[in-house]
Amino acid sequence: DAMVIQNPRYQVTQFGKPVTLSCSQTLNHNVMYWYQQKSSQAPKLLFHYYDKDFNNEADTPDNFQSRRPNTSFCFLDIRSPGLGDAAMYLCATSRDSQGPETQYFGPGTRLLVL
Amino acid sequence: GDSVTQMEGPVTLSEEAFLTINCTYTATGYPSLFWYVQYPGEGLQLLLKATKADDKGSNKGFEATYRKETTSFHLEKGSVQVSDSAVYFCALSDRGANNLFFGTGTRLTVIP
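Reading the values: rules and limits
Residues numbered from 1 in each chain as written. Chains lettered and ligands numbered in written order. Predicted model: local features only at pLDDT ≥ 70, side-chain atom pairs only at ≥ 80, totals over all residues. Heavy atoms only, no water. Helix = DSSP H or I, 4+ residues; strand = E, 2+ residues; numbered from the N terminus. Buried < 20%, exposed > 50% of the residue type's maximum accessible area, 1.4 Å probe, protein only. Contact = heavy atoms within 4.5 Å. Pairing = 2+ DSSP bridges. Phe/Tyr/Trp six-rings, centres within 6.5 Å; stacked < 30°, edge-to-face > 60°.

Caption draft 1: The side chain of Thr65(B), seen in detail. All names here are of chain B. Within the fold, threonine 65 resides in strand 8 (residues 62–65). Classification of threonine 65 as buried rests on a relative accessible area of 17%. Dropping the residues within four chain positions of it, threonine 65 is found in contact with Asp54, Asp55, Lys56, Ser72, Phe73 and His74.

Caption draft 2: Layout of the pairing of strand 4 (residues 23–26) of chain B. All names here are of chain B. Only one face of strand 4 is covered, namely the face carrying Cys23 and Tyr25; the face carrying Thr24 and Thr26 is uncovered. Bridging between strand 1 (residues 3–6) and strand 4 involves four bridges; their strand directions are antiparallel. Its bridge partner lying in strand 4, glutamine 6 is registered against cysteine 23.

Caption draft 3: Quick peek at the packing of aromatic side chains. Scanning the model with the defined rule gives 14 aromatic pairs over all chains in all. Note on Phe64(A) and Tyr89(A): the rings are 6.1 Å apart at their centroids and 40° apart in plane angle, and the pair reads as tilted. Here Phe64(A) is found in strand 7 (residues 64–67), whereas its partner Tyr89(A) is found in strand 9 (residues 87–94), with 25 residues between them in sequence. Here Phe64(A) matches Tyr89(A) in class, with each residue buried. With centroids separated by 5.6 Å and ring planes inclined at 40°, the aromatic side chains of Phe62(B) and Tyr88(B) adopt a geometry described as tilted. Residue Phe62(B) is located in strand 8, and its partner Tyr88(B) is located in strand 10 (residues 86–93); the two are separated by 26 residues in the primary sequence. Among the residues examined, Phe62(B) registers a relative accessible area of 1% and is labelled buried. Three or more aromatic residues joined by ring pairs make a cluster, and in this case those are Tyr33(A), Tyr35(A), Phe105(A), Phe34(B), Tyr36(B), Phe89(B) and Phe102(B).

If you want it as structure tokens, here you go:
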């Protein structure tokens, strides 16, 4: 089945220790998104890739970076995680961003910072 | 700016009860509207959507009608089941935008 896969499902890291979250998709969609969802809050867009074109949201901290080496994979790098970065991180894909296309989500990675 | 206001939860219903989860929106353009559902331990799944005024989205017994005059997209189901227990998110996407604006989610628990 075509899908969006996120690994790992749970990630524990130490304060200040870099961590990478992974997302892959078999939908062949050209747009990939990363959202942060804190407890009892709405998902918040961090950035997205339209093909290889990176689009950062204005209020996304510099601590968060992303890489997309090919169509199928996208990574979220947190350079120096703080306690406030503990959250669920959601990856999503869509066919095109030039309009209200449906976004398809992965199961999320829950990050815990000790 | 664009935003979504969603009925606060949690909501607890008995099986076969009628469900309404309210959602209203603010948008500068002509958005598409969505309901996503998140079952325990899983990612967000699209439940239904509507792309223009008076459209009705429906899926798995759930319905929502795009009401431009009241800027609303309320989710309804006539008879809920235990398996409907999940968190429900209302969301909008404005034309030409790259973002989904989500409500805060409503947790529904259905008891036998």
